[in-house]
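Spelled out from the first residue to the last, the chains are:
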Amino acid sequence: MTQLPPCSQREGPPRLSKATGSAVLEPVMNHSLLSLCCLGVFLLPCAVADKRPNIIFMFSDDHACNAISAYPGGLFDNIAPTPNIDRIANEGMLFENSFCANSICGPSRANILTGKHSHLNGFLDNNSSHFDGRQQTFPQLLRDTGYEVAMIGKWHLHSNPIGFDFWRILPGQGAYYNPDFIEMDGSRKRYEGHCNDLVTDFGLKWIKEDRDKDKPFVAMIQFKAPHRNWSGALRHLELFKGVTMPEPDSLFDDYAGRSKVLAEHAMGIDKHMYWGHDMKFNGPNLFPDHFSSGIVNRQYQRMNESQKKAWDAVYEPENQKFIADMKAGKLSKKDIVRWKYQRYIKDYLKSIASVDEGVGRVLKHLDESGLAKNTIVIYSSDQGFYLGEHGWYDKRWMFEESFKMPFVIRWPGVIKAGSKTKALIQNIDYGPTFLDVCGAKTPADMQGHSIVPLLRNGGKRPANWRDAVYYTYYGESTHRVAAHDGVRTERYTLFYVPKYKEWQLFDNEKDPQQMKSVHEDPSYAEVLKGLQQKYRDLKKNYRAHSAILPDDRLGQEWWKNRHLDMNKKANSGAHDLLFIGDSITQGWEGSGKEIWQKYYGKRKALNLGISGDRTEHVIWRLNNGNLRRQQKAKVAVVMIGTNNTGHSEQDPSETADGVERILSILRARCPNARVLLLGVFPRDEMPDGRKRGINDSLNEKLAAFHNGKRVHYLNINERFLDESGRLPKEIMPDFLHPREKGYAIWAEAIEEKLIELGL
Ligand code: SGN
Ligand code: CA
């Protein structure tokens, strides 16, 4: 058995607990020691009990800070039904400047799990992305240190959770009434009741009964509410009856003084509320000039008869009154917007009431069980939401209301009750924070920072705390919000809209509602310059460069056709062998045709190479149909990067980032495939050619992705070269693309490996 040296000789000695004077494991315990403890080496007196804190991470969907009473200055102060969330703030700390990295559901959750910005964790948007659950995540890292981790409720990452001791998730967006849940064995089960109540029940059950009581734990309890279509528990439907909600000043915003891109949205209370789905009318849309038709209220359809009866008793009288007033011509255009706004806000807040009650039930259990003392409790939401500000619902824009995430945290004995801070934090910080409080090291490639120094110090920023956060939204057709990215300091918001090559700059101190962009105001010229520099610096630090940011070439007809043709081939059925790359791979259909036929003609092989592609194009294609139905692929041969070199002599470490992304996409979408990662073929005739050199150093980096399990790196370049290292014309006439002889060398060189990898 492994012998540990005496405690005093180990790296980073464990701290003595002040409370007991005995050596218990406190958060500073180093990682290697923890790992040993987890391996069962618990015989030494320094590891008598694992007293590391538990974490209960309660998390909702689309809950704006403005709809939490504890948040200062919100429109719904003292109206929002959040006494229990407020309690966490009152007994702990409230973060006023807490931001997401990408204001939409799946991406925000991926930011949290990985501690990385979207371009590095690969989950950029809700539509095309697919979470690679086998990448490094904080739950998995915590389990490695002996924690138990459970995930209950909304997940929305298009692949089932990996790296949890227990999970039970909603499929996709999930349903409000009588929802289905996906169980760990992959089956689906329908439960009666309101989704928020069930999520609380399941979370509490795991905490009370099902977890391993000898281990510290993390419970992620993730509510569906208040996501669209804002549906409260039946017992809350009468809340706010007869109340008139306050309206934001910008409810009728005309977007003057800002980019024209804002007016292109499809998320207006005025024009984009559905008659049935959002506004809760039954029957056909009677006023198509004011309501969108089309989506009925599917939540209503899930209810049983008695639930429907209770629902109708609340909604129908109000609906009928509105219909009568409309028919009588009593309501002006603005009155109609106001009516929709009232319905929307009340429904939104009603759906929060059961979230808050759930939070209350969890707090109560912590009090009663004695767990409260050693349990960190957090409430947060995947991003904020527009509650009528700028005339909107939904999120996505880098404006305050949806860019901000609520974040309140209680940690008895560490956080001073009732503290508030304006320090800038972001969802990429959660993972590093959890690892820090649990005594684990944050891996160097996580991009967030632990907020523990802020928690321990009343929210005061340490000298080296960040002065800006970086934000990206990648654009989706839903709600027509254009892609943009930018930076936010404590005072300013700057973002860039590529569609119009336009900057927007807001002075949030003078213009907290962000009604005028001052990017062209000469008195802000210096501020603008400084922030633009900050933007470039942050992008560089976060490795948000071209090789990793997905890009299409749909503007080129031939490229689009080839891409669609490959999608068609992929869709036609499973393939065993995939070749992924650029023109050199595409060339199997040209100079390499006969060799392909000889080696791969009968092997269910698919060519996914497109001439001129760089890593960023391959990333885009693999997420947009090229791998459809390829979950069972056995081997993927990847060779990509020579155009990153050729077009801009890109820094090899950037190109390698792009290749790493491709490997991660393959892991998520073709989970059983082994990857044969080829060193990028030599270019330039002579060994000292400049581009040859870049490819050589790229290859050194690619070699590091070899793990001998899933990824196998192979460099066959020598085979193309003569003894002096010269690249002969008979093999690659243009010193880049092989002719038939080159393809023969390629096929021969990898054949044995392909068989070894299971082809
Ligand atoms: C659904 C909603 C959208 C919402 C997205 C993303 N439409 O598509 O309004 O923006 O989810 O929300 S609905 O018709 O289904 O209500 S997210 O929180 O999951 O990102
Ligand atoms: Ca959301």
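Residues numbered from 1 in each chain as written. Chains lettered and ligands numbered in written order. Predicted model: local features only at pLDDT ≥ 70, side-chain atom pairs only at ≥ 80, totals over all residues. Heavy atoms only, no water.

Q: Would you mind going over the domain arrangement of the protein chain with me for this structure?
A: It is common to report an interface's size as the accessible area lost on association of the parts. On domain assignment, one finds that the protein chain holds domain 1 (33-230 + 347-463), domain 2 (253-341), domain 3 (483-544) and domain 4 (548-756). Between the C-alpha centres of domain 2 and domain 3 there is a distance of 35 Å. Taken together, the 8 residues of domain 2 in the interface contact 10 residues of domain 3. Summed over both sides, the interface between domain 2 and domain 3 buries roughly 690 Å², with carbon and sulfur atoms accounting for 53% of that surface. Considering only the side of domain 2, the residues that lose the most area to domain 3 are Arg 258, Ser 259 and Val 261, jointly responsible for 54% of the buried surface there. Viewed at the interface, domain 3 and domain 2 are joined by 1 salt bridge. A salt bridge links Glu 264 to Lys 499; the nearest nitrogen and oxygen atoms lie 2.7 Å apart. Our count for the contact surface shared by domain 2 and domain 3 stands at 7 residue pairs in polar contact (both at pLDDT 80 or more). Partitioning the side of domain 2 that touches domain 3 into residue classes produces 2 nonpolar, 2 polar and 4 charged. (Domains from an automatic or database assignment. Contact = heavy atoms within 4.5 Å. Buried area = accessible area lost by both parts, 1.4 Å probe. Salt bridge = Lys/Arg side-chain N within 4 Å of Asp/Glu carboxyl O. Polar contact = N/O pair within 3.5 Å; in protein donor to acceptor, adjacent residues only side chain to side chain. Nonpolar A, V, L, I, M, F, W, Y, C, P; charged D, E, K, R; others polar.)

Q: Please explain the sheet that holds strand S21 (residues 711-714) as it appears in this structure.
A: Taking strand neighbours across the sheet as the criterion, the 5 strands line up as S18-S17-S19-S20-S21 in an open arrangement whose pairing is parallel. Pairing within the sheet leaves two strands with one partner each, and these edge strands are strand S18 (605-609) and S21. Across this sheet, the average inter-strand angle for adjacent strands is 15 degrees, counted without regard to direction. Pairing between strand S17 (residues 577-581) and S18: 5 bridges, direction parallel. (Pairing = 2+ DSSP bridges. Helix = DSSP H or I, 4+ residues; strand = E, 2+ residues; numbered from the N terminus. Axes fitted to C-alpha atoms, helices over the stretch in contact; angles between N-to-C directions.)

Q: Can you help me understand the coordination of the calcium ion (ligand 2) in this one?
A: For a metal with four tetrahedral donors the ideal donor-metal-donor angle is 109.5 degrees, while six octahedral donors give ideal angles of 90 or 180 degrees. For the calcium ion (ligand 2), every protein donor is listed as Asp 61 (OD), Asp 62 (OD), Asp 382 (OD), Asp 382 (OD) and Gln 383 (NE2), and the spread of their distances is 2.1 to 2.8 Å. Each of the 6 donor atoms bound to the calcium ion (ligand 2) contributes to angles spanning 50 to 170 degrees, and the resulting shape is irregular. Relative accessible area serves as the criterion here: at 0%, Gln 383 is assigned to the buried category. (Donors = N, O, S within 2.8 Å, 3.2 Å for Na, K, Ca; no water. Tetrahedral: all angles 85-135°; square planar, octahedral: opposite > 155°, others 65-115°. Buried < 20%, exposed > 50% of the residue type's maximum accessible area, 1.4 Å probe, protein only.)

Q: What is the right way to look at the environment of Asp 429 in this model?
A: Summarising the element assignment, Asp 429 is placed in the loop between strand S12 (425-426) and helix H11 (430-437). Taking the C-alpha atoms as reference points, Asp 429 and Asn 282, 147 residues apart in sequence, are found 44 Å from one another. Setting aside residues no more than four positions away along its own chain, Asp 429 makes contact with Gly 448, His 449, Ile 451, Trp 465 and Arg 466.

Q: I'm lost on the packing of aromatic side chains in this one. Help?
A: How two aromatic rings sit relative to each other is set out by the distance from centre to centre and by the angle between their planes. In total, this model carries 60 aromatic pairs according to the counting rule given. On the basis of an interplanar angle of 90 degrees and a centroid distance of 5.5 Å, the ring pair of Trp 588 and Tyr 600 is categorised as edge-to-face. Note that Trp 588 is positioned in the loop between helix H15 (583-586) and helix H16 (593-600) and Tyr 600 in helix H16, a separation of 12 residues in sequence. Owing to a relative accessible area of 1%, Tyr 600 belongs among the buried residues under this scheme. Among the aromatic side chains, those forming a connected cluster through ring pairs are Phe 579, Trp 588, Trp 596, Tyr 599, Tyr 600, Phe 681, Phe 720, Tyr 743 and Trp 746. The ring of Phe 252 has Lys 334 sitting right over it, with the charged end atom 4.7 Å from the ring centre. Note that Lys 340 overlies the ring of Phe 291, its terminal NZ or CZ placed 5.0 Å from the centroid. (Phe/Tyr/Trp six-rings, centres within 6.5 Å; stacked < 30°, edge-to-face > 60°. Lys NZ or Arg CZ within 6 Å of the ring centre and 35° of its normal.)

Q: Help me understand the site of ligand 1, please; the structure alone is not making it clear to me.
A: The immediate surroundings of ligand 1 are formed by 15 residues, with Asn 126, His 277, Asp 394, Arg 396 and His 479 found nearest. A distance of 2.8 Å separates an oxygen atom of ligand 1 from a polar side-chain atom of Arg 228. When the free accessible area of ligand 1 is taken as 460 Å², the share hidden by the protein chains comes to 84%. Looking at the shell around ligand 1 residue by residue, the classes come out as 2 nonpolar, 6 polar and 7 charged. (Near = heavy atom within 4 Å. Areas by Shrake-Rupley, 256 points an atom, 1.4 Å probe, with all protein chains shown as cover.)

Q: Please explain unusual backbone geometry as it appears in this structure.
A: Excluding glycine, residues mostly have negative phi values, and the peptide bonds linking residues are mostly trans. Put simply, Ala 225 and Pro 226 share a cis peptide bond, and its omega is -5 degrees. Within the fold, Pro 226 resides in the loop between strand S8 (217-222) and helix H7 (298-301). Cis geometry is found at the peptide bond from Arg 228 to Asn 229, where omega equals 10 degrees. Residue position: Asn 229 is located in the loop between S8 and H7. Even without a glycine there, the phi angle at His 156 is positive, about 60 degrees. Summarising the element assignment, His 156 is placed in the loop between strand S4 (148-153) and strand S5 (166-169). Non-glycine residue Lys 501 carries a positive phi angle of around 45 degrees. In this structure, Lys 501 sits in the loop between strand S15 (492-497) and strand S16 (502-507). Accessibility expressed as a relative area gives 68% for Lys 501, which makes it exposed.

Q: In this structure, what is going on with the pattern of salt bridges? I would like to understand it.
A: Two side chains that carry opposite charge are able to pair once their charged atoms sit near each other. Tallied over the entire structure, the rule returns 55 salt bridges. One salt bridge in this structure joins Arg 491 and Glu 509, with 3.7 Å as the shortest N-O distance. Of the two residues, Arg 491 sits in the loop between strand S14 (484-488) and S15 while Glu 509 sits in the loop between S16 and helix H13 (525-541), which places them 18 residues apart along the sequence. The partly exposed category is assigned to Arg 491, whose relative accessible area is 26%. A relative accessible area of 58% places Glu 509 in the exposed class. With a shortest N-O distance of 3.2 Å, Glu 756 and Lys 753 are connected by a salt bridge. Of this pair, Glu 756 and Lys 753 both sit in helix H21 (residues 740-756), separated by 3 residues, roughly a single helical turn. The class for Glu 756 is exposed, based on a relative accessible area of 52%. In the salt-bridge network here, residues are joined through shared partners; they are Asp 62, Asp 394, Lys 395, Arg 396 and Glu 476.

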